Amino acid sequence: MAGILVNSILAPQRPPIILPVSSSSRSRSIRRTLVTVQASSSEPSDSASVSTKSSDAVVFTAPPGFKPPEPQRFAVKPGKLFDVLGASIGLLFRFGTGVFVSGYSASFVSEDEIPSDQYAFRLGGITVKENSKLGPRPEKPIEIYEFEGCPFCRKVREMVGVLDLDILYYPCPRGSPNFRPKVNQMGGKQQFPYMVDPNTGVSMYESDGIIKYLSEKYGDGTVPLSLTLGPLTAITAGFAMIGRMGKGNLYTPAKLPPKPLVFWAYEGSPFCKIVREVLVELELPHIQRSCARGSPKRHELLKKAGLFQVPYLEDPNTGVNMFESAEIIEYLKQTYAA
């Protein structure tokens, strides 16, 4: 593996990088389009924009007649059972890494101890209070360039779940026209994952180096054992993809939205996994609000949406907010596939 490349960026705001975007007959615009990607505000929901500049602007709207589905807990849509089972295999090979936030603890409490407007795991008459111990929080989302079909990228995503970090993901599936070239321009080679931390000006390749950096900067310096086993970690991360072989790996022509989507999810959920595969294949930038077990963001989503369930998608380009993995996948394809 190549050595760790660390670049110190003195200015907190990087100049925008202009990239060409391929065109499509379905996208109302775009014979020639330029895309500008630049970090901006510290708010997670609008911390970056992907603005298109052309003679005819692309206007994104929800599919005709679209209505967000009603959330259904623990339900699998017809025809999706094998997708969910295949996405679950990774949990076995990776020993559940990324399912629990650092310092996770749980205790049984009485039902009245936790108000109904606060998150707790409730099943029947059982109420479980979950807690965790978080390190310093970054002011701006960390940016990671990666793709689903990469075992080294999975290692980093697992650490992101452990640290409960919000990440601005720039998907780089094979054959994609936008963010793969950008990585080459920034770091000198197309190698993944590639991390940029706008809070410190640090950028680097190499999964082990990124994991160590994140644990020391935004945790207590502890890395889970399952992420410290060298080649065995990479091998088991590769085996974890067997059930979804080839998914989230190759580019599907798509229209690039001006704003990143917001995706509430965590690495250990098979329902989140199958949605994220499509986000990657369509090369859709998205801010992932990590909410593994023990995450305080479970309370946030409960207050925002009225219940906690993942995946949950917020699309600032169309105003659509929705639960249910199968319907999210169809929505993404109908809205953004070229």
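Above this text you will find the structure in question.
Residues numbered from 1 in each chain as written. Predicted model: local features only at pLDDT ≥ 70, side-chain atom pairs only at ≥ 80, totals over all residues. Heavy atoms only, no water.

1. A few points about the overall build of the chain
Consideration 1: Along the chain, the regular secondary structure elements total 8 helices and 15 strands.
Consideration 2: Across the 338 residues of the chain, 52% fall into the buried class.
Consideration 3: Pairs at least 24 apart in sequence give 71% of the contacts found in the chain among residues at least 6 apart.
Consideration 4: By element, 56% of the accessible surface of the chain is carried by carbon and sulfur atoms, the whole surface being about 15,000 Å². (Helix = DSSP H or I, 4+ residues; strand = E, 2+ residues; numbered from the N terminus. Buried < 20%, exposed > 50% of the residue type's maximum accessible area, 1.4 Å probe, protein only. Contact = heavy atoms within 4.5 Å. Areas by Shrake-Rupley, 256 points an atom, 1.4 Å probe, with all protein chains shown as cover.)

2. A short note on the pattern of salt bridges
Consideration 1: What the rule picks out here adds up to 23 salt bridges.
Consideration 2: In the salt-bridge network here, residues are joined through shared partners; they are Arg94, Glu146, Glu148, Arg154, Arg157, Glu158, Glu267, Lys273 and Arg276. (Salt bridge = Lys/Arg side-chain N within 4 Å of Asp/Glu carboxyl O.)

3. Considerations on empty space enclosed by the protein
Consideration 1: Under the definition given, this model contains 8 cavities of 30 Å³ or more.
Consideration 2: Lining the largest cavity, in full, are Gly86, Ala87, Glu148, Gly149, Arg154, Arg157, Ala240, Met241, Arg244, Lys247, Lys273 and Glu277.
Consideration 3: A per-class count over the lining of the largest cavity returns 3 nonpolar, 2 polar and 7 charged.
Consideration 4: Ala75, Val76, Lys77, Lys80, Val84, Phe271, Ile274, Glu324, Ser325 and Ala326 together form the lining of the second largest cavity.
Consideration 5: Of all the secondary-structure elements, those providing two or more residues to the lining of the second largest cavity are helix H6 (270–281) and helix H8 (325–336).
Consideration 6: Considered class by class, the residues forming the lining of the second largest cavity number 6 nonpolar, 1 polar and 3 charged. (1 Å grid on protein atoms, 1.4 Å probe; cavity = no way out; pocket = protein on both sides within 12 Å on 5 of 7 lines; lining within 4 Å. Points joined across faces, edges and corners; volume = space filled by probe spheres on them. Nonpolar A, V, L, I, M, F, W, Y, C, P; charged D, E, K, R; others polar.)

4. Points about the sheet that holds strand E5 (residues 105–109)
Consideration 1: Strands sit in the order E5-E7-E6 across an open sheet of 3 strands; the sheet is antiparallel. Each having just a single partner strand, E5 and strand E6 (121–123) make up the two edges of the open sheet. Going from strand to strand, the sheet's axes swing by 25° on average, the running direction of each strand aside.
Consideration 2: Pairing of E5 with strand E7 (residues 126–131), which is carried by 5 bridges, proceeds in the antiparallel orientation. Counted as the bridge partner of serine 105 is asparagine 131 from E7. (Pairing = 2+ DSSP bridges. Axes fitted to C-alpha atoms, helices over the stretch in contact; angles between N-to-C directions.)

5. Regarding helix H5 (residues 231–239)
Consideration 1: Buried within H5 are the following residues: Thr233, Ala234, Thr236 and Ala237. Angular distribution of buried residues about the axis of H5 spans 165°; they occupy a single face of the element.
Consideration 2: For H5, the elements touching its buried residues are helix H1 (81–93) and helix H2 (151–163). (Arc of directions from axis to C-beta.)

6. Some words on the layout of surface pockets
Consideration 1: Considered as a void within the structure, the largest pocket measures approximately 590 Å³ in volume.
Consideration 2: What lines the largest pocket is a set of 24 residues, and nearest its centre among them are Arg73, Phe74, Phe308, Gln309 and Val310.
Consideration 3: Of all the secondary-structure elements, those providing two or more residues to the lining of the largest pocket are E6, H6 and helix H7 (297–305).
Consideration 4: Considering only residue class, the lining of the largest pocket consists of 13 nonpolar, 6 polar and 5 charged.

7. Here's the deal with unusual backbone geometry
Consideration 1: Note that the residue after phenylalanine 192, namely proline 193, is joined by a cis bond; omega there is 5°.
Consideration 2: Mapped onto the secondary structure, proline 193 falls in the loop between helix H3 (179–187) and strand E10 (194–197).
Consideration 3: Residue proline 311 is bonded to the preceding valine 310 through a cis peptide linkage, with omega at 5°.
Consideration 4: Turning to its location among the elements, proline 311 is positioned in the loop between H7 and strand E14 (312–315).
Consideration 5: One non-glycine residue, phenylalanine 95, lies in the positive phi region at around 55°.
Consideration 6: Inspection of the secondary structure puts phenylalanine 95 in the loop between H1 and E5.
Consideration 7: Residue classification places phenylalanine 95 among the exposed positions, given a relative accessible area of 62%.
Consideration 8: The backbone of aspartate 164 shows a phi angle near 60°, a positive value even though the residue is not glycine.

8. Points about the side chain of serine 176
Consideration 1: Tracing the chain through its elements places serine 176 in the loop between strand E9 (166–171) and H3.
Consideration 2: Separated by 2.6 Å, the side chain of serine 176 and the backbone oxygen of proline 173 make a polar contact.
Consideration 3: Among residues more than four places away in sequence, those in contact with serine 176 are Pro181, Tyr251 and Glu283. (Polar contact = N/O pair within 3.5 Å; in protein donor to acceptor, adjacent residues only side chain to side chain.)

9. Digging into the nonpolar core
Consideration 1: Val310, Leu313 and Leu332 are the most contacted members of the largest nonpolar core, which has 38 residues in total.
Consideration 2: Of all the secondary structure elements, the ones that give two or more residues to this core are H1, strand E12 (261–265), H6, H7, E14, strand E15 (320–322) and H8.
Consideration 3: Apart from the residues lying within four places of it in its own chain, the contact partners of leucine 332 are Leu261, Val275, Val278, Leu279, Leu282, Leu284, Leu313 and Ala337.
Consideration 4: Counting residues in each nonpolar core, the second largest holds 19 residues, with Ile144, Met159, Val162 and Ile210 among its members. (Core = buried A, V, L, I, M, F, W, Y, C linked by side-chain atoms within 4.5 Å.)

10. Focus: the environment of glutamine 309
Consideration 1: Among the structural elements, glutamine 309 can be located in the loop between H7 and E14.
Consideration 2: Along the chain, glutamine 309 and cysteine 291 lie 18 residues apart, while their C-alpha atoms are 10.0 Å from each other.
Consideration 3: Apart from the residues lying within four places of it in its own chain, the contact partners of glutamine 309 are Pro71, Gln72, Arg73, Leu301, Phe323 and Glu324.
Consideration 4: Among the polar contacts made by the side chain of glutamine 309, one reaches the side chain of glutamate 324 at a distance of 3.1 Å.

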